[in-house]
Amino acid sequence: MEVPTRPSIDISGRWTTAWASRKSLKTFTIAALFAVAFSLFLLSGKQRTIGQANGCDFPAIFNFGDSNSDKGGKSAAFHRIPLPNGNSFFQKPAGRCCNGKVIIDFIGVNSDIKRKLPRPEDFSQALYIFEVGQNDLDGAFKSMTEKQVVESIPGIISQFAQAVKRLHQQGAGTFWIHNTGPIGCLPFQVLEYPPQTDNVDQNGCIRSRNEVAQEFNRQLKERVIQLRMQFPDAAMTYVDIYSAKYSLISDAKKHGFANALRYCCGHYRDNLCWRKKVVNGTEILGTSCRNTSAYISWDGIHYSHAANLWVANKVLDGLLSDPPTPITEACLMPLHL
C-alpha cells in the first residue's frame, strides 16, 4: 500500500497514514498510541468514573485518537494550543482544539475524578476509547485520488486492528470504538476542495468525501465484528459517530445552530485557530466569533463545545451503537451476545 508522504496541516500526533513508509508508520503508530494521543482519568477508592448503579466500574479511561478527542497530548508533547481555544468554558487554553470540552470530557462529567498514574491492576478493568479515521482520510485526500483513498482503507483498518490486538494482549478488555464523522461536511474540506454542483448534498457537504467516510466506517464495523469473534472475552462496542454528527448538521437550525458550514475561530489558510501567527516579530492569536454556542464547527475542522455536548448526548445512551449498549454498560456487552 502506498502511503502519503505529506502530513495533514491540522493535527500533530496522529497515529495513522501520513508517513513515507510502512516502517515509519508502524513505529509512529505505537509511539503515538502510548504517548501523544492518550488521555486518562482515574478515580480514587471505589468511586465510579462512569456509570450508575449496576453499571461498570471503570477505574481508568484511556483514549486513543486524534485532536477531536485530545485533552492535552499535543500540548504536552509539542506545543501549547493557544487562546482562544478553551476560552468559552475553561477561560484559558486547556490542551483542546475547541472552545471548551471535547466529547470524551462529557463521559465522566458527573464523576468526582482525580488524576493520578494508574496502577498495573487498573489496566484490565479500564475503558479503552478509540477515535479513528478523520486524520487518515484527511491526510490521504491531500495526495491521493478518492479512488486511491478507498483502496488504502483496508491497510488503515489493519493498523487499527493491530493496535486493538496489542492492547488486548496486555490485558485490555473493554473497547468503545468511534467511527469517523462526515468529513465532507468539515468547512475546511469544502473550502480546500470546492465541489462541483453534482457533488454537493442537501447540506452543502461534499457527497463523494462522505461516501469515502461511509466506506471506511463499513470496513471498520466489519473488522470490529471480526475482532469480537477473535477475542470473545473482550467487550467491543462500535459507535456510529457519523450518524450523530450528520444528524446535527442536517438539522442545525432546529437545534439552535447556525449554518453548519460556517465556523467560529480563525481564517482559512491565513490565521489558523490552533496556531500562533508571527507578523513582524509579533505573535497574533486566532480570533473567534462572539456567540460560540451557535456554531457546530469551532475552527473549520474541530467541533465546538456545544456541538460536542450534543453529539455526546446522542451516542452515550447506546442507541447509535452496535450492539445498542450504553457506555455505562460497555463492560457487560459479552453477556448480551
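Residues numbered from 1 in each chain as written. Predicted model: local features only at pLDDT ≥ 70, side-chain atom pairs only at ≥ 80, totals over all residues. Heavy atoms only, no water.

**Q** Teacher, can you tell me more about the state of the cysteines here?
**A** Two cysteines joined by a covalent bond between their sulfur atoms form a disulfide. Counted under the stated rule, the structure contains four disulfides. Across the disulfide, Cys264 is cross-linked to Cys289 (sulfur-sulfur distance 2.0 Å). In this structure the cystine formed by Cys264 and Cys289 twists about its S-S bond by roughly -100°; its chirality is therefore left-handed. A residue pair is termed long-range when its members are at least 10 positions apart, and Cys264 in the loop between α7 (241-250) and β6 (277-279) and Cys289 in the loop between β7 (282-284) and α8 (305-315) qualify at 25 residues. Across the pair, exposure class does not vary: Cys264 and Cys289 are buried alike. Bridging Cys265 to Cys273, the disulfide has an S-S length of 1.9 Å. Here the disulfide of Cys265 and Cys273 is right-handed, its torsion about the S-S bond being about 80°. Side by side, Cys265 and Cys273 carry an identical accessibility label, which is buried. If you count the bonded cysteines of the protein chain from the N-terminus, they pair up as 1-8, 2-3, 4-7, 5-6. (Disulfide = S-S within 2.5 Å. Helix = DSSP H or I, 4+ residues; strand = E, 2+ residues; numbered from the N terminus. Buried < 20%, exposed > 50% of the residue type's maximum accessible area, 1.4 Å probe, protein only.)

**Q** Hey, could you run me through the packing of helix α3 (residues 134-141) against helix α4 (residues 146-169) in this one?
**A** The geometry of a pair of packed helices is captured by two quantities: the angle between their axes and the separation between those axes. Contact geometry of α3 with α4 gives a least axis separation of 10 Å together with a crossing angle of 140°. α4 is crossed by α3, and the crossing has right-handed handedness. Two secondary-structure elements touch here, α3 through Asp136, Leu137, Ala140 and Phe141 and α4 through Glu146, Val149 and Ile156. Grouping the amino acids of the contact of α3 with α4 by side-chain chemistry returns five nonpolar, no polar and two charged. (Axes fitted to C-alpha atoms, helices over the stretch in contact; angles between N-to-C directions. Left-handed = near helix turned anticlockwise from the far one by under 90°. Contact = heavy atoms within 4.5 Å. Nonpolar A, V, L, I, M, F, W, Y, C, P; charged D, E, K, R; others polar.)

**Q** What exactly am I supposed to notice about the environment of Gly318 here?
**A** The residue Gly318 is located in the loop between α8 and β8 (321-322) in this model. Given a relative accessible area of 0%, Gly318 falls into the buried group. Separated by 10 residues in sequence, Gly318 and Thr328 have C-alpha atoms that sit 9.1 Å apart. If sequence neighbours within four positions are ignored, Gly318 has contacts with Pro324, Thr325 and Pro326.

**Q** Would you take a moment to explain the side chain of His178 for this structure?
**A** Assignment of secondary structure puts His178 in strand β4 (residues 174-178). Side chain to side chain, His178 and Trp176 meet in a polar contact 3.0 Å long. The contacts of His178, once residues within four sequence positions are left out, are Ile103, Ile129, Phe130, Glu131, Val132, Leu220, Val239 and Ile241. (Polar contact = N/O pair within 3.5 Å; in protein donor to acceptor, adjacent residues only side chain to side chain.)

**Q** Explain the side chain of Ser208 here, please?
**A** Residue placement: Ser208 occurs in helix α6 (residues 207-230). Side-chain polar atoms of Ser208 contact the side chain of Glu146, separated by 2.8 Å. Residues contacting Ser208, with those up to four places away along its chain left out, are Glu146 and Asn199.

**Q** Would you mind showing me how to read the packing of α4 against α6 here?
**A** The geometry of α4 relative to α6 is characterised by a closest axis approach of 10 Å and an angle of 30° between their N-to-C directions. By the criterion of interaxial angle, the relationship of α4 to α6 is roughly parallel. By crossing handedness, the relation of α4 to α6 is classed as right-handed. Of α6, the residues touching α4 (which contributes Glu146, Val149, Val150, Ile153, Pro154, Ile156, Ile157, Ser158, Phe160, Ala161, Val164 and Lys165) are Ser208, Arg209, Val212, Glu215, Phe216, Gln219, Leu220, Arg223, Val224, Leu227 and Gln230. Per-class residue counts for the contact of α4 with α6 are 14 nonpolar, four polar and five charged. (Parallel < 35°, antiparallel > 145°, perpendicular 65-115°, else oblique.)

Take it as geometry only, folks, not as evidence of what the structure does.
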